[in-house]
Amino acid sequence: QVRLVESGGGVKQAGESLRLSCAASGSRFTINTMGWYRQAPGKPRELVARITSDGDTNYADSVKGRFTISRDNAKNALYLQMDSLKSEDTAVYYCNMGAVDQTSTKYLELWGQGTLVTVFS
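Residues numbered from 1 in each chain as written. Predicted model: local features only at pLDDT ≥ 70, side-chain atom pairs only at ≥ 80, totals over all residues. Heavy atoms only, no water.

Caption draft 1: Structural view of the state of the cysteines. Following the criterion strictly, the structure yields one disulfide and no others. Between the sulfur atoms of Cys22 and its disulfide partner Cys95 the distance amounts to 2.1 Å. Since a negative S-S torsion denotes a left-handed disulfide, the Cys22-Cys95 link at about -85° is left-handed. A residue pair is termed long-range when its members are at least 10 positions apart, and Cys22 in strand E3 (residues 18-25) and Cys95 in strand E9 (residues 91-101) qualify at 73 residues. (Disulfide = S-S within 2.5 Å. Helix = DSSP H or I, 4+ residues; strand = E, 2+ residues; numbered from the N terminus.)

Caption draft 2: Spatial organisation of the side chain of Asp89. Within the secondary structure, Asp89 is located in the loop between strand E8 (77-82) and E9. In this structure Asp89 comes out as buried when scored by relative accessible area, which is 1%. Reaching out from Asp89, the side chain makes a polar contact with the side chain of Arg38 at a distance of 2.9 Å. Residues contacting Asp89, with those up to four places away along its chain left out, are Arg38, Val63, Arg66, Phe67, Ser84, Val117 and Val119. (Buried < 20%, exposed > 50% of the residue type's maximum accessible area, 1.4 Å probe, protein only. Polar contact = N/O pair within 3.5 Å; in protein donor to acceptor, adjacent residues only side chain to side chain. Contact = heavy atoms within 4.5 Å.)

Caption draft 3: The packing of aromatic side chains, seen in detail. Using the criterion set out here, one finds one aromatic pair in the structure. When the ring centre of Tyr94 is taken as reference, the NZ or CZ atom of Arg45 above it lies at 3.7 Å. Across the ring face of Trp111, the terminal group of Arg45 is positioned such that the distance to the ring centre comes to 4.8 Å. (Phe/Tyr/Trp six-rings, centres within 6.5 Å; stacked < 30°, edge-to-face > 60°. Lys NZ or Arg CZ within 6 Å of the ring centre and 35° of its normal.)

Caption draft 4: Up close: the pattern of salt bridges. All told, the structure shown has four salt bridges when counted by the stated rule. For the salt bridge of Glu46 with Arg38, the shortest nitrogen-to-oxygen distance reads 2.9 Å. Of the residues examined, Glu46 reaches a relative accessible area of 36% and is grouped as partly exposed. Each of Arg38, Glu46, Arg66 and Asp89 takes part in salt bridges that share partners, so that together they form one network. (Salt bridge = Lys/Arg side-chain N within 4 Å of Asp/Glu carboxyl O.)

Worth remembering: the numbers are spatial, not functional.
Right, dumping it as structure tokens:
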């Protein structure tokens, strides 16, 4: 079984920075696209940023120019550098990975438990 664990959340003032990390562990798997999602209070979960296995990225309009997504394939890790934080960024952030289990060859949609980011203006 593959597990994703996020870390790095916390409380920040607007304008400050925060770096989120996500690590995958467990059974053998091949990770394809990775992404960060977030869910603010009373709102649906939304895509924040995505990165393919080739390193191609895309971002939600609300975070373009402020957030940077990256990955380390050797560590099976995903990162989100968040700069110029705004109060609107307050949410629970979730790590997501699309993967293929190497033993069963099944496609897996993996989610972390979430890490809370709170930004005060």
